[in-house]
Amino acid sequence: MKKTNILKQLFEIEKKPVKGLMAYEWVVLGYLVLTLLLILFTYTKLQFPEEMIWGRLRIAAITIALWGVYRLIPCRLTRLVRVVVQMALLAWWYPDTYELNRLFPNLDHVFATWEQQFFGMQPALVLASQYPQAVVSELMCLGYASYYPLMAVVLLYYFFKRNNEFERAAYILLGAFFIYYVIFVFLPVAGPQYYYLAAGIDNIAKGVFPNVGDYFNTHQEALAVPGWKEGFFYHMVEDAHAAGERPTAAFPSSHVGITTVLLCLAAQTKSWRLTAFIIPFFVLMFAATVYIQAHYLIDAIAGIITGLLFYFLLLLTKRK
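This one's a predicted model, so the numbers in the text were calculated from it and none came from an experiment.

Thresholds, definitions, all that
Residues numbered from 1 in each chain as written. Predicted model: local features only at pLDDT ≥ 70, side-chain atom pairs only at ≥ 80, totals over all residues. Heavy atoms only, no water. Phe/Tyr/Trp six-rings, centres within 6.5 Å; stacked < 30°, edge-to-face > 60°. Helix = DSSP H or I, 4+ residues; strand = E, 2+ residues; numbered from the N terminus. Buried < 20%, exposed > 50% of the residue type's maximum accessible area, 1.4 Å probe, protein only. Expected span 1.5 Å × (residues − 1). Core = buried A, V, L, I, M, F, W, Y, C linked by side-chain atoms within 4.5 Å. Contact = heavy atoms within 4.5 Å. Polar contact = N/O pair within 3.5 Å; in protein donor to acceptor, adjacent residues only side chain to side chain. Salt bridge = Lys/Arg side-chain N within 4 Å of Asp/Glu carboxyl O.

Now for the packing of aromatic side chains. On inspection of all chains with the given rule, the structure shows 24 aromatic pairs. A ring pair is formed by Tyr181 and Phe184, whose centres lie 6.3 Å apart and whose planes are at 45°; its orientation type is tilted. You can see Tyr181 and its partner Phe184 sitting in helix H10 (residues 166-186), 3 residues apart, about one turn around the helix. Among the residues examined, Tyr181 registers a relative accessible area of 2% and is labelled buried. By the ring-pair criterion, three or more aromatic residues cluster together here, those being Tyr31, Trp92, Trp93, Tyr147, Tyr148, Phe177, Phe178, Tyr180, Tyr181, Phe184 and Phe310.

What follows is the structure in C-alpha cells.
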C-alpha cells in the first residue's frame, strides 16, 4: 500500500505548479552568466573557449528543457528530475574551474607556508606516513568516497519526508557549490597532491615552498593517493581522481564545506537518525581530505567555517 501511495504521489499532477524557474536553477544560470562574461573578456588567453561557451549553452538549454517538461507534466517526479540533473552537471562544472583559475597566479606556496607556520609541519605529508595501516586508510577513503552518496541521502530524505522543503534544500546545496566555484575560479590553489609534486617533496620536507608560477597552466600531474593500495575504497578514490580531478579547488575544501552543509540540513529536519548517520562521515571527511593529500589542513578548517556561513546565508535568502 505504501509503495502504491508513493508512486501515486510521484505522478500526481500538481494543482498549482510553479510557473518560472526554481531558485536553484537561477543560481546555476547566474554562475553561468558570470563565468561566460569572464570567458568573453579573456577569450584569447583560454585554451578551449569555444568548448566552454558551447558547454554553457548546452546547460542553459537543458535547464530550459527540464522546465518545459515540468510545465507539461507538473508533478513531484519532474521536480525531482530537475534537481537530479543539476546535481549531476556539477561533474562538468568542477573541472571547468581549472580552465578559468589558471588565468591567475597560483597561490599554493602561500598556503603551504601558512600551513607550516600554523602547525609546524605539513599535516598532509605526515598523516598518511604516520598511519599507513589498512584500516585507517580504508576509513579515510570511505569518508572521502561518501561525498556524493551523502548528498543523495539528504536530498532524498527531504524529497520523501519533507517535500515542502525539498526545493529549499536543493537551493542551499547547489548555492553553496556555486559559491565555492566562484572562490575556486579567483583563488587558484591546487592542493598538496599537485603542489608537493611540482615543488619537490625534498623541498616540502625541508620547509621550503617555492612559487611554481604558471606551472599548472600546462601540468596536471599529481602524487599517487597515499594509503593501502589494495583497499576497495582506496581504488574508488584513486579512480575518481584519475577521472575528474584537476589542480584546482583546494581552498576552502568544498568536500568538508558541503558535508558541513549536509549536516546542517540533516539537523534542520530534527531527525536524530539522519543526523547521527551524517556525523561520522563528517568527521571522516574532515580527516580524509588531508590524509589523501587533497587539501591542506587550513583548507579543511576553512571548509567547516565557510560551510556554516554559506548554509545560514542561503537559508536566510530562501525561506519557505
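Picking up after the structure, the text goes on.
Let us look at helix H14 (residues 254-268). Helix length check: H14, at 15 residues, gives a terminal C-alpha distance of 20 Å against a target of 21 Å (1.5 Å per residue), a fit within 8%. Burial within H14 is extensive, with 13 of its 15 residues counted as buried. Directly beyond the C-terminal end of H14, a positive phi value near 65° is found at Lys270.

Here the focus is the nonpolar core. Membership of the largest hydrophobic core comes to 92 residues, with the highest contact counts inside it found for Met87, Trp93, Leu173, Phe177, Tyr181, Tyr195 and Ile258. If you tally residues by element for this core, the top one is H10, at 14 residues. Residues in contact with Phe177, not counting those within four places in the same chain, are Met87, Leu90, Tyr147, Met151 and Ile258.

All right, on to helix H11 (residues 192-199) then. In terms of burial, H11 is largely enclosed, as 6 of its 8 residues are buried. Taken as a whole, H11 has its buried residues at Pro192, Gln193, Tyr194, Tyr195, Tyr196 and Ala199. Buried residues belonging to H11 abut helix H6 (108-119), helix H7 (123-130), helix H12 (201-205) and helix H13 (232-244). Of the residues one or two after H11, Gly200 is the one with positive phi, at around 100°.

Further remarks concern unusual backbone geometry. A cis geometry characterises the amide bond from Phe251 onward to Pro252, with omega recorded as -10°. Residue placement: Pro252 occurs in the loop between H13 and H14. One non-glycine residue, Lys270, lies in positive phi territory at about 65°. Structurally, the position occupied by Lys270 is in the loop between H14 and helix H15 (272-291). Owing to a relative accessible area of 74%, Lys270 belongs among the exposed residues under this scheme. At Gln293, a residue that is not glycine, the phi angle is positive and equals roughly 70°. Relative to the helices and strands, Gln293 resides in the loop between H15 and helix H16 (297-317).

Right, let's get into the side chain of Ser137. Position of Ser137 relative to the elements: it lies in helix H8 (residues 134-145). Overall, Ser137 belongs to the buried group, its relative accessible area being 0%. Of the polar contacts made by the side chain of Ser137, one reaches the backbone nitrogen of Trp228; its length is 2.8 Å. What Ser137 contacts, discounting residues up to four positions off in sequence, is Gly227, Trp228, Tyr234 and Tyr291.

A full pass over the atoms with the stated rule returns 7 salt bridges. The shortest N-O distance in the salt bridge between Glu165 and Arg162 comes to 3.0 Å. Taken together, the shared-partner salt bridges in this structure form one network comprising Glu14, Arg79 and Glu167.

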